[in-house]
Structures are given as C-alpha cells and as structure tokens.
Amino acid sequence: MSTGKFITFEGPDGSGKTTVSTAVTEKLQADGYRVIYTREPGGSEIAEQIRNVILKPENTAMDVRTEALLYAASRRQHLVEVILPALKQGIHVISDRFIDSSLAYQGVGRGIGIQAVYDINQFAIENHMPDKTIFLNIDAETGLDRISHHRAYLDRLDQEKLSFHQTVYEGYQQVISKYRERMILIDASKTVEEVIQNAYEAVKGILDGD
C-alpha cells in the first residue's frame, strides 16, 4: 500500500484557510479520494487541550518561547496520533496549518528566529515535512478586516496589533522563499468560491501526480 500525501494549508489570519481547506477536503471526498481534514494547533484530544492554553485570550502573560514550545508539543501529539497513522494507511491528510505557521508567527512575528523555531520543531516532527503547501496569499490588513467582520470570537493571536500581523506576513514571505519547491501560492483576495476552486484544482493535481 502506498503512503498518503501530506498537504498543508497556510496563510495569514483571515486568509480563509479553514473555510477553503474544509471545502477542498469535502470536494475530494465526494470525488472518491481517501482524504481527511485536520487542524493545528489541535487535531487530537491532547493537542486540542494545548490549543486552548495557547489561544485563550486571558493568557497574556505567556512568554514567547513558552508559546513556541506549546505549539511544538501540540504538533508532536497531532503528528503521532492523527497524521502519521493516516498516511501509513494510504489516506491523504489535509492540515489547516503545520510547521510553517510556527516559523512565521513565532520565528519572525515573535522575534525568536526562524532557525531556532525550526530546531524546536525538528525535535517534535523528526523530519516529517509536508509534501506540498497551499499558501493563501492575502495582506495582513485585508485579513484582519475580514476577521473583525466575520468572527464573533477573537482568540489571543487574533487580538494582536496590526503591526504583529504585518510582521507575520513578512515572515511567511521568508518561509515561502526558503521552501519554494513545495509552495503553491493562491490569491486569497478573490471570491471564496474562486479560491476554493483554485485550491481544489491544485490539491487534486498533487494527488493525481500532475
């Protein structure tokens, strides 16, 4: 049995990752592909408990390195409980965020450094990197504007200042440059229907080996 493909969705807050990645998963399942959707931080019971600690708005005293370590811990549990077992069964995995988020948010956004955050995460993931990454490209201002109009609840990172989200976007550009061979960029400023269709075609092409 061949192993499944591991495909991640990345992008700034408000880029539509959750909406698009879940819709793409559902379309692929309807087409008969063996594929599951999961998310980070979270994806498994223990990882979801860590997610609650990370994103709880009241946890304003959290140190930036603590934040990075918690993300890596959640990622490790998610990987061993959900992602790797599915891939070994030949099931394709679509994950809403993975290591690239930590490199952009904690590595650049929090100023820890991409290499330092990468090293923390290598301990957690043991070289299990995505096969391909769909990056939903949208500027920080537009993303935050979408969040303010469409989300009833804002988590701890959503509530960060615009300057932080702008720095995160710049961080993503560094990550894209570093891993250009696995990145597929999609314009997320288009209508949600167009973004879903473009992402679906990109992922279908990956699974079909195009």
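Going by an unreviewed UniProt entry, the protein carries the name Thymidylate kinase and comes from Stecheria intestinalis. In its Sequence similarities (unreviewed entry) section, UniProt records this for the protein: "Belongs to the thymidylate kinase family."

A short note on the overall build of the protein
Scanning the protein from terminus to terminus reveals 8 helices and 5 strands. Listing each helix as α and each strand as β along the protein from the N terminus yields β-α-β-α-α-β-α-α-β-α-α-β-α. Here the protein has a C-alpha radius of gyration of 16 Å; the compact-globule value for 210 residues is 17 Å, and the two agree. Viewed in the frame of its principal axes, the protein has a C-alpha envelope of about 45 × 35 × 30 Å.

Overview of the pattern of salt bridges
Under the definition given, this model contains 8 salt bridges. Two residues, Arg76 and Glu126, come together in a salt bridge whose shortest N-O distance is 2.9 Å. With a gap of 50 residues between them, Arg76 in helix H3 (residues 64-88) and Glu126 in the loop between helix H5 (114-125) and strand E4 (132-137) connect regions that are remote in the sequence. Judged by its relative accessible area of 30%, Arg76 falls in the partly exposed class. Put simply, Arg182 and Asp100 hold a salt bridge, and the shortest N to O gap is 2.8 Å. Pair noted here: Arg182 is in the loop between helix H7 (162-178) and strand E5 (183-187) and Asp100 is in helix H4 (residues 99-109), with a separation of 82 residues, a long-range link. Like Arg182, the residue Asp100 is buried in the burial classification. One continuous salt-bridge network, built from bridges that share partners, spans Glu10, Asp13 and Arg97.

Section: the side chain of His92
Structurally, His92 can be placed in strand E3 (residues 92-96). In this structure, His92 is in contact with Gly4, Lys5, Arg34, Val35, Ile36 and Leu207, ignoring residues within four places of it in sequence.

Section: the UniProt feature "binding site: ATP" (unreviewed entry) in the protein
As annotated in UniProt, the feature "binding site: ATP" (unreviewed entry) corresponds to Gly11, Pro12, Asp13, Gly14, Ser15, Gly16, Lys17 and Thr18 in the numbering used here. Note on placement: Gly14 falls in the loop between strand E1 (6-10) and helix H1 (17-30). The exposure class assigned to Gly14 is buried, which follows from its relative accessible area of 9%. When near neighbours in sequence (up to four residues on either side) are disregarded, Gly16 contacts Leu136 and Arg146.

Description of the environment of Gln115
Mapped onto the fold, Gln115 is located in helix H5. Its relative accessible area of 45% is what places Gln115 among the partly exposed residues. C-alpha of Gln115 to C-alpha of Leu103: the two residues are 12 residues apart in sequence and 8.1 Å apart in space.

What about the sheet that holds strand E2 (residues 35-39)?
The strands making up a sheet associate through backbone hydrogen bonding, with each pair oriented either parallel or antiparallel. The 5 strands lie next to each other as E2-E3-E1-E4-E5, forming an open sheet whose pairing is parallel. Sheet topology places E2 and E5 at the edges, where each strand pairs with a single neighbour. Across the sheet, the mean angle from the axis of one strand to that of its neighbour is 20°, orientation sign disregarded. The sheet contact formed by E1 and E3 spans 4 bridges and is parallel.

Some points on the side chain of Ser21
Looking at where Ser21 falls in the secondary structure, it is placed in helix H1. Here Ser21 is in contact with Phe9, Tyr37, Ile94 and Asp96, once residues within four sequence places are set aside.

Things to note about the nonpolar core
Ile83, Phe98, Leu103 and Tyr105 are the most contacted members of the largest nonpolar core, which has 34 residues in total. Looking at this core element by element, the count peaks at 8 residues for H3. Sequence-distant contacts of Leu103, defined by excluding residues within four places in its chain, comprise Val108, Ile114, Val117, Tyr118, Val175 and Tyr179. Val35, Ile94, Ile134 and Ala202 belong to the second-largest nonpolar core, a separate cluster that totals 22 residues.

Observations concerning the packing of aromatic side chains
Using the criterion set out here, one finds 4 aromatic pairs in the structure. Arranged with centres 4.9 Å apart and planes meeting at 85°, the rings of Phe6 and Phe98 form a pair that is edge-to-face. Taken together, the residues span a long stretch of sequence, with Phe6 in strand E1 and Phe98 in the loop between E3 and H4 at a distance of 92 residues. Looking at Phe6, the relative accessible area reads 3%, which means it is buried. Plain terms: the ring middles of Tyr105 and Tyr172 are 6.1 Å apart, the flat faces sit at 90° to each other, and that makes the pair edge-to-face.

Rules used in this analysis
- Residues numbered from 1 in each chain as written.
- Predicted model: local features only at pLDDT ≥ 70, side-chain atom pairs only at ≥ 80, totals over all residues.
- Heavy atoms only, no water.
- UniProt positions renumbered as here; feature names shortened; annotations may be inferred.
- Helix = DSSP H or I, 4+ residues; strand = E, 2+ residues; numbered from the N terminus.
- Rg over C-alpha atoms; globule rule 2.2 N^0.38 Å.
- Salt bridge = Lys/Arg side-chain N within 4 Å of Asp/Glu carboxyl O.
- Buried < 20%, exposed > 50% of the residue type's maximum accessible area, 1.4 Å probe, protein only.
- Contact = heavy atoms within 4.5 Å.
- Pairing = 2+ DSSP bridges.
- Axes fitted to C-alpha atoms, helices over the stretch in contact; angles between N-to-C directions.
- Core = buried A, V, L, I, M, F, W, Y, C linked by side-chain atoms within 4.5 Å.
- Phe/Tyr/Trp six-rings, centres within 6.5 Å; stacked < 30°, edge-to-face > 60°.

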